[in-house]
Amino acid sequence: MKQKLLYLLVLFPILLTSLALYHYKVEPFESFSLRFNDIDFDLQKKSPDKRIVFVAVDEQSVNKYGRWPWDREILAEGISKLDQADIVLMDMIFSEPTTKKKDMVLADSIATLNNSVCGFFLRQNATQKITQAQENVLSDSSLDLLQSQIASFGNPKFVSADNAEMNILPVLESCSMSGSFSTLRESDHLMRSYPIAVYYDNMLFPSLGMQGLRLALDQDIKRVDPLHVSIGKYKININEKGFVRLNFYQPDSYNEVSFLDVVQGKVKPEYFKDKIVILGITEVGAGDVAATPMGAMFGPLLHYTFISNLLSGHLITEPPYITPILIILMVLLPFILFLLIKKVVNRVIVDIIGYLLVYIFVRYIFVAYNIYSDAFYPLVAFILSTVSIEVMAFTIQEKGSRFIRNAFSSYLSADLLDKLIKNPQALSLGGEKKELTILFSDIRGFTTISESMDPVSLIKLLNRYFTPMTNAVLENGGMLDKYIGDAVMAFFNAPVDVPDHADATCRAALQMIDELDKLNHQLAKEGLSPIRIGIGINTDEVVVGNMGSDTRFNYTVIGDGVNLASRVEGITKNYGVNILITEFTLKALKSDFLTRLIEPVKVKGKDEAVLLYQLMPFDDTNLNIKKNYDEALELYKNSKFEEAIVIFERLVNEYDDSVSKYFLPLVKEKHPWGVHKMTTK
C-alpha cells in the first residue's frame, strides 16, 4: 500500500506539469503539438463547398495584362462580369489613387455587384493617412451588436491595432461592406486559425469572410459564451482571441477559375449565379502566400476555407474537457497497468497499445465529427508517466531483488532464485497452506564424532559434509531451510513451485547418499571414520511463509507434516537404513523409484500409524534384495514364519540386509507383523 501511494505521489506532479503545458501553451511543446496534430487534415477526405468560387489573378492573366498592379479599367472589366454572383469578396486593396477616371471606373464596376465586401489591413504602424470620411464609411461595417455584448462580458479578447490601410474613398463607398484581411500565425509561424473580428479605432470589425457570411445569410453575429459566437443557425467555436480553427481541404480541391477566362468569356457570367466569389491574386511576387499545415496556400483560400467550413458543416469544435481527460488517463494508465500486469515487456506493450487507442480515438472524432482534441500533450503525459513508473518499479524491484538474492542465495538454486525474484509475492509476511515435501537428514553418532575431534577439525569436517548435502538439495529444486547442529532441513515446492516435488526430494536424498559415499572414500584415505546419516521424507499440506517479522526475515514451514518428517528421520536408525519415506510421499511420486515396504509406525505424539518405505538406490543388488525381501515380508504378514525365516536369513547372510536383521528376531518369535509404536523421538 505504501508503494502504491508513493507511485501516486510521483504521478501527481507529472499530471500538474502536463496540464500546465497544455493550458499555457508552453514552447517548444506547443509548436510540436501543432505539427503533431496537423495530420488530421491529411486523414480526412472532405471537399470544399462548390458554391464558392475563387477567381484568381494568376500567371496567365499576368501574361496577358502585364505585371500587377494593373490598369484599374482592366480589373473593372472582369469585376463587371461577376454581377450575377450573390457576393463578391475582394482580397485586394486599392489604397493609392490613380486617375480620377480610372478610379471611378473601378468603383462603378464594384457598385454594380449585388453584394461586395472590400478589405482593409490592420497595421501597428501608420502607412497611410486615413481621412475622417474613410473612417465614417468604414464604421458602417462594424459589429455593433457583438461589440456591445463583448463589452458586457469582457470576452473573448479580440485582437486590435491602432492603424489601418484601406481602400481609397470612391472604392470604399462602392463596396457594400468592408472586412479585415488581418490574421495571426501560430507559434510555429503557420496559419491555422481565422479571425471572426478585430478591433480598430475602438470599433469591432468582422473579417472579410465573416462579413461575406453576414451578407450571404442576412444575419448578424451574436455572442453565445466566451468560446462561441453564432450567425443564424451556425454556432462557431472560437478561442480566447476570437479565432476559429480552420479545417483545411486538399489544395487542389478548391474551385478556382482564372481571371483571364472570366474576362474573355470562357467562364460565362451565368456560372457565378448565386455563388460566393472571392477575387484574389496568385501571381508569384504579387499574391499573398500563407504557410499552412497543407503547405503554401494563397491568402484568398483562407477566406474560402472559413466560409466553406461554415456552409458545409465542417467547422471544428474544440470541447475544452477532452484533452485534459486524455492527459489524466495517460498519466494513470501506466500506474493501472503496473498494478495489473507484472511482466515489464507485456506492460509496456499494453501501455503503447493504450496510447495508440487514444491516438486513433482523437483522429477518428476529428475525421468523423470535426471535433479537435490534442494527441500530443497526452503523449507527453504518457511518456513522463510510463518512464517514471518503470524507473521506480525497476529501482524498487532491484532493491527487492537484492534483498531476496542476499537472503536466499544460500538456500535456493540460481534458477529457482531467479523465479522467486520475478514473483516476490510469495515472501510476504504470513503463511499459506501448500503441499510440500519435507526432508530431514542427521548424522548418526555425531556426539561420538565430535568428542574425538578438536573444534576446528570438527567445523572443517562439517563444512565438507554440508557442502555436497546442500548442493544435492539445491540442484534438485529444493530450499534449504536451516542447519540444526549436524542436521539438515529442506523442503520442496516453495517458495517457488517445483513440479513433481516428491520425486525431486527423493532424487535429492539419493544424491546425498551418493555424495556421502564419495566423501567417506576421501575420509578413509585420511584415516578418518566414515559418516553415516539418516534421511526422513514426508509429503503433506503444511503452512509455509515468512514466519518472522517486518524487520527480521524467516521463511520456513510449520505443521504436523514437518514434525512427521523429523520423526521419520529419527526412525531410520531403528532399521539401519539411510532413507525412509512415508506412504504420503510414495503416493505423490510420479517416477519409478526403488522402494520397499517396512511397516506401519505410530510415531510419538501421533495416534494414527503411518506406513514407512525404504528408498533404495536403483542397482542390480538392491533389485535382488527387494525381490527376495518382498517375498519374505509377504510370508511374514501371512504368518508363514518358517518360510519367511529362510529368506530373511539368506538376505542377512548374502547382503547383510539391515531391515532383514530387524525383522528376523520378530519372525522367530512369531511376533505378528503390524503397527510398531515408537516411544521416543
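That block above? That's the structure.
Bear in mind that the values here come from a model prediction, so they are computed numbers and not experimental data.

Reading guide: rules and limits
- Residues numbered from 1 in each chain as written.
- Predicted model: local features only at pLDDT ≥ 70, side-chain atom pairs only at ≥ 80, totals over all residues.
- Heavy atoms only, no water.
- Phe/Tyr/Trp six-rings, centres within 6.5 Å; stacked < 30°, edge-to-face > 60°.
- Buried < 20%, exposed > 50% of the residue type's maximum accessible area, 1.4 Å probe, protein only.
- Lys NZ or Arg CZ within 6 Å of the ring centre and 35° of its normal.
- Helix = DSSP H or I, 4+ residues; strand = E, 2+ residues; numbered from the N terminus.
- Arc of directions from axis to C-beta.
- Contact = heavy atoms within 4.5 Å.
- Polar contact = N/O pair within 3.5 Å; in protein donor to acceptor, adjacent residues only side chain to side chain.
- Axes fitted to C-alpha atoms, helices over the stretch in contact; angles between N-to-C directions.
- Parallel < 35°, antiparallel > 145°, perpendicular 65-115°, else oblique.
- Left-handed = near helix turned anticlockwise from the far one by under 90°.
- Nonpolar A, V, L, I, M, F, W, Y, C, P; charged D, E, K, R; others polar.
- Pairing = 2+ DSSP bridges.

A. Examining the packing of aromatic side chains more closely. For the coordinates displayed, the defined rule picks out 30 aromatic pairs. Between Y65 and W70, the ring centres sit 5.2 Å apart and the planes meet at 65°, which makes this aromatic pair edge-to-face. Judged by relative accessible area, which is 21%, Y65 ranks as partly exposed. On the basis of relative accessible area, W70 is assigned to the buried category, the value being 9%. One aromatic cluster in this structure is built from Y22, F32, F36, Y355, Y359, F376, Y377 and F382. Over the face of the ring belonging to F366 we find K46, whose NZ or CZ atom lies 6.0 Å from the ring centre. Across from the ring centre of Y271, 4.8 Å away, lies the NZ or CZ of K275, which sits over that ring.

B. Representation of helix α7 (residues 132-139) in the model. Where α7 is concerned, the buried positions are Q134, E135 and L138. Relative to the axis of α7, the buried residues are bounded by an arc of 95° and lie together on one face. Of the surrounding elements, those touching the buried residues of α7 are β3 (116-123), α9 (169-174), β6 (177-180), β8 (197-200) and β9 (203-206).

C. The arrangement of the environment of S148 in detail. Inspection of the secondary structure puts S148 in helix α8 (residues 144-153). Engagement of the side chain of S148 in a polar contact is seen with the backbone oxygen of L145, the distance being 2.6 Å.

D. Looking closely at the packing of helix α13 (residues 322-340) against helix α14 (residues 344-369). Two elements in contact, α13 and α14, have axes separated by 9 Å at closest approach and are oriented at 165°. As the angle between them shows, α13 and α14 are arranged roughly antiparallel. Crossing of α13 against α14: the hand is right-handed. Within the contact between the two elements, α13 uses I322, L326, L329, M330, L333, P334, L337 and F338 and α14 uses R347, V350, D351, G354, Y355, V358, F361, V362 and I365. Split by residue class, the contact of α13 with α14 holds 14 nonpolar, one polar and two charged.

E. Highlighting the pairing of strand β19 (residues 478-484). One ladder, built from six bridges, connects β19 with strand β20 (residues 487-492); its direction is antiparallel. Bridge assignment links G478 to a residue of β20, and that residue is F492. Counted along the chain from β19 to the antiparallel partner β20, the turn is two residues long, and its residue G485 has a positive phi close to 65°.

F. Main features of the sheet that holds strand β4 (residues 160-161). In space, the three strands of this open sheet follow the order β4-β8-β9, with mixed pairing throughout. Lying at the two open borders of the sheet, with one neighbouring strand each, are β4 and β9. Note that β8 and β9 share four bridges and pair antiparallel. The partner of V198 across the bridge, within β9, is F205.

G. Spatial organisation of the sheet that holds strand β11 (residues 228-231). Spatially, three strands are ordered β10-β11-β12 in an open sheet, and the strand pairing comes out antiparallel. At either margin of the open sheet sits one strand with a lone partner, and together these are β10 (221-225) and β12 (234-237). Neighbour to neighbour, the strand axes of the sheet diverge by 30° on average, direction disregarded. Of the strand pairs in this sheet, β11 and β12 are connected by four bridges, and their pairing is antiparallel. When the sheet's bridge partners are listed, S230 is paired in β12 with K235.

Keep in mind these values describe shape, not function.
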